[in-house]
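Residue-level structural notes
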Amino acid sequence: MNVTSKILLAFACLGLAACGAGGGNSSSTPIDSPSSSKTEETSSKDEVSSESVTETSDTTSEDPLPSSEESTISSQESSEPEPEPDPVDPTTVFDENDILLSFPVITDIHVGYSDANVNYAERLTDTFAALKSFRPDTTFDLVMSAGDQTQNGKAADVQALMEKYNAAFDLSKTPFFFSHGNHDTHWAGCMDTYGFYNAYGPDVYQFDSDQAAAKLGNRHMVRKGVHFISLEFTSYGPGLNTFPDRTVTWLQQTLASAYADTPDMPIFVVGHSPVHSTIPGSFSSDNSGDWGATKTLLPILKDYHNVIYFSGHTHYNIHDDRAIHQDDITEVQAACTSDIELDTNLPGVSQLSNRREYSFGEICEVDSRGNVRIGRYDLNERAQVMDYWEISRPQEDLSHLNRYSDAARAAKQETPRLKEGGKFILLHTSDGKITITFDAFETDTYMIFSYKARIFPMPQEEIVDENEDYIIDIPWLDDWYNSPAKKTGTISMPLTGTYSRKSTWTVKLYAYDCVGNVGFAWPTRIMLL
């Protein structure tokens with residue numbers, strides 16, 4: 001029997017399943033489901049996609065949550081009309097026709113690390129070429145790196161790095177501005193800051209305004225009237241990530257001088273550790289938050305509201321809009337060139353098996369008024385990731401810190417949804433495989449991070465307490481890390497686990513965005529092939 005005959009037979013036997021969580025007729029179809037812990041995608045995806053599907057599935061955030069432990073922000077509808085937005089001051093909008101300076105931002109290069117699949121020193125050739133390709137007509141004013149330039153803190157690692165750098169850039173026009181990381185100066189066997197100063201050589205530090213501080217790992221540079229500051233963390237560990245009193249004093253004095261010089265322009269500060277409880281990877285609930293973030297830096301920076309602080313260390317991805325955060329200052333996750341780390345607090349796979357194959361970078365630009373634009377880029381694909389981050393020039397009322405604040409994100413919530421006319425199809429094939437095929441959910445706010453299928457051993461209309469009655473949850477990490485733009489198109493997700501044979505069961509699909517908002521859908525069609 002050919003596939004078309006099978007489909008027609010399936011429809012004759014099963015009909016179409018009703019959709020939606022409320023209203024309409026609701027039904028479930030018995031499916032002969034084998035016991036299996038390992039499934040694969042089937043070849044039915046294209047055949048199903050060619051079918052005409054007119055049913056749609058409701059999505060909502062008012063449905064019972066998948067788990068009481070999952071953080072979800074419900075979207076509340078209001079009958080009141082939305083207030084008119086305040087007019088935008090055009091001088092606070094980034095002007096791409098009036099760019100004052102531009103510089104790439106990278107972190108955790110880890111030159112000296114290599115395995116069977118990757119050599120980070122060799123990767124630098126492609127890294128620098130990719131960054132230059134995004135602005136082919138631009139001579140960058142510097143290259144910024146947020147630490148762990150080396151894997152082992154050796155002079156040979158510095159030599160290998162600078163061979164690649166000098167082949168790509170002219171140090172007299174594009175200085176290399178960096179902070180040291182724990183792999184540079186913290187581990188046993190690493191050089192100290194004096195050793196690095198000598199290993200990099202005088203050309204690297206030719207624009208530094210304080211050579212004595214540079215020998216201690218603290219740097220200050222002015223490029224086209226914009227101040228750049230780097231600082232040296234001297235301890236790492238839970239509750240640590242600190243620096244000595246001499247660094248505190250130097251940083252306070254340097255910040256005060258920079259602010260007095262240019263109060264209406266951003267001050268860029270770079271350090272290896274992120275500020276605690278700001279961006280993913282810095283929270284106590286993250287897999288490296290307490291060990292990898294600092295609680296001592298913000299009290300020094302917080303009075304300088306024009307500071308934009310770049311950090312590395314966590315290797316967390318830059319696709320997530322939470323990788324920029326604003327409170328008293330603006331904190332930004334620098335782009336990791338060596339691999340990628342995912343947020344383990346969201347449903348889905350917590351780690352990628354091929355994480356070291358990924359490489360990302362950022363390009364930060366400042367216009368003549370002090371507005372900032374940060375572009376995120378996939379260096380392997382040579383494509384922009386998501387939208388620009390934009391930071392308005394410093395304002396006396398601190399309104400330039402409102403766009404990426406916790407309050408702004410709390411007010412900007414939209415439940416992920418299956419698009420109108422979208423398909424969510426459940427397939428049970430003759431070879432014993434079970435697959436769901438669905439159109440990527442939509443959202444106008446934050447990216448879809450992952451999906452989860454929850455399987456119930458009963459018809460849909462009999463589900464009362466879905467936190468007690470389900471058989472299993474199956475998380476599915478969306479491959480946004482391979483797709484720089486917002487995802488569209490069809491996704492196929494194999495269902496794994498053990499289900500009772502010859503029983504009626506129901507699948508419910510949940511979609512999570514990166515801040516934990518969740519939408520859901522019931523199948524619009526059940527097919528037996």
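Refer to the structure printed above.
As a starting point, this report considers the structure included with it. Since the model is a prediction, treat every value here as computed from it, not as a measurement.

Basis of the calculations
- Residues numbered from 1 in each chain as written.
- Predicted model: local features only at pLDDT ≥ 70, side-chain atom pairs only at ≥ 80, totals over all residues.
- Heavy atoms only, no water.
- Pairing = 2+ DSSP bridges.
- Helix = DSSP H or I, 4+ residues; strand = E, 2+ residues; numbered from the N terminus.
- Axes fitted to C-alpha atoms, helices over the stretch in contact; angles between N-to-C directions.
- Contact = heavy atoms within 4.5 Å.
- Salt bridge = Lys/Arg side-chain N within 4 Å of Asp/Glu carboxyl O.
- Buried < 20%, exposed > 50% of the residue type's maximum accessible area, 1.4 Å probe, protein only.
- 1 Å grid on protein atoms, 1.4 Å probe; cavity = no way out; pocket = protein on both sides within 12 Å on 5 of 7 lines; lining within 4 Å.
- Points joined across faces, edges and corners; volume = space filled by probe spheres on them.
- Nonpolar A, V, L, I, M, F, W, Y, C, P; charged D, E, K, R; others polar.

Take the sheet that holds strand E5 (residues 176-178) next. An order of E5-E4-E3-E12-E13-E14 is seen for the 6 strands of this open sheet, with the pairing classed as mixed. Looking along the sheet, the strands with just one partner apiece sit at the ends: E5 and strand E14 (383-391). Neighbouring strand axes in the sheet, compared pairwise and without regard to direction, differ in orientation by 25 degrees on average. Pairing of strand E4 (residues 143-145) with E5, which is carried by 3 bridges, proceeds in the parallel orientation. What sits directly across from Met-144, in E5, is Phe-177. Against the sheet, helix H3 (residues 120-134) contacts strand E3 (99-106), strand E12 (360-367), strand E13 (372-378) and E14, and its axis sits at roughly 40 degrees relative to E12.

Pairing within the open sheet is antiparallel, and its 4 strands lie in the order E18-E17-E22-E23. Of all strands in the sheet, those bounded by a partner on one side alone are strand E18 (472-477) and strand E23 (518-521). When the angles between neighbouring strand axes are averaged without regard to direction, this sheet yields 25 degrees. Of the pairings in the sheet, the one linking strand E17 (residues 448-456) to strand E22 (residues 506-513) comprises 8 bridges and is antiparallel in character. Its bridge partner being in E22, Tyr-451 is matched across the sheet by Ala-511.

Here we take up the pattern of salt bridges. For the coordinates displayed, the defined rule picks out 19 salt bridges. Notably, a salt bridge pairs Asp-320 with Arg-322, separated by 2.6 Å at the nearest N-O pair. Given a relative accessible area of 18%, Arg-322 falls into the buried group. The partner of Arg-376 in a salt bridge is Asp-321, and the shortest N-O contact between them spans 3.4 Å. Taken as a pair, Arg-376 in strand E13 and Asp-321 in the loop between strand E9 (307-311) and strand E10 (324-326) lie far apart in primary sequence, 55 residues in all. Exposure remark for Arg-376: the relative accessible area of 1% places this residue in the buried category. Taken together, the shared-partner salt bridges connect Glu-96, Arg-135, Glu-365 and Arg-373 into one network.

Attention shifts here to the layout of surface pockets. Its volume calculated, the second largest pocket comes out at about 400 Å³. Forming the walls of the second largest pocket are 14 residues, and the residues nearest its centre are Val-88, Thr-92, Ser-392, Ser-399 and Arg-403. Partitioning the lining of the second largest pocket into residue classes produces 3 nonpolar, 7 polar and 4 charged.

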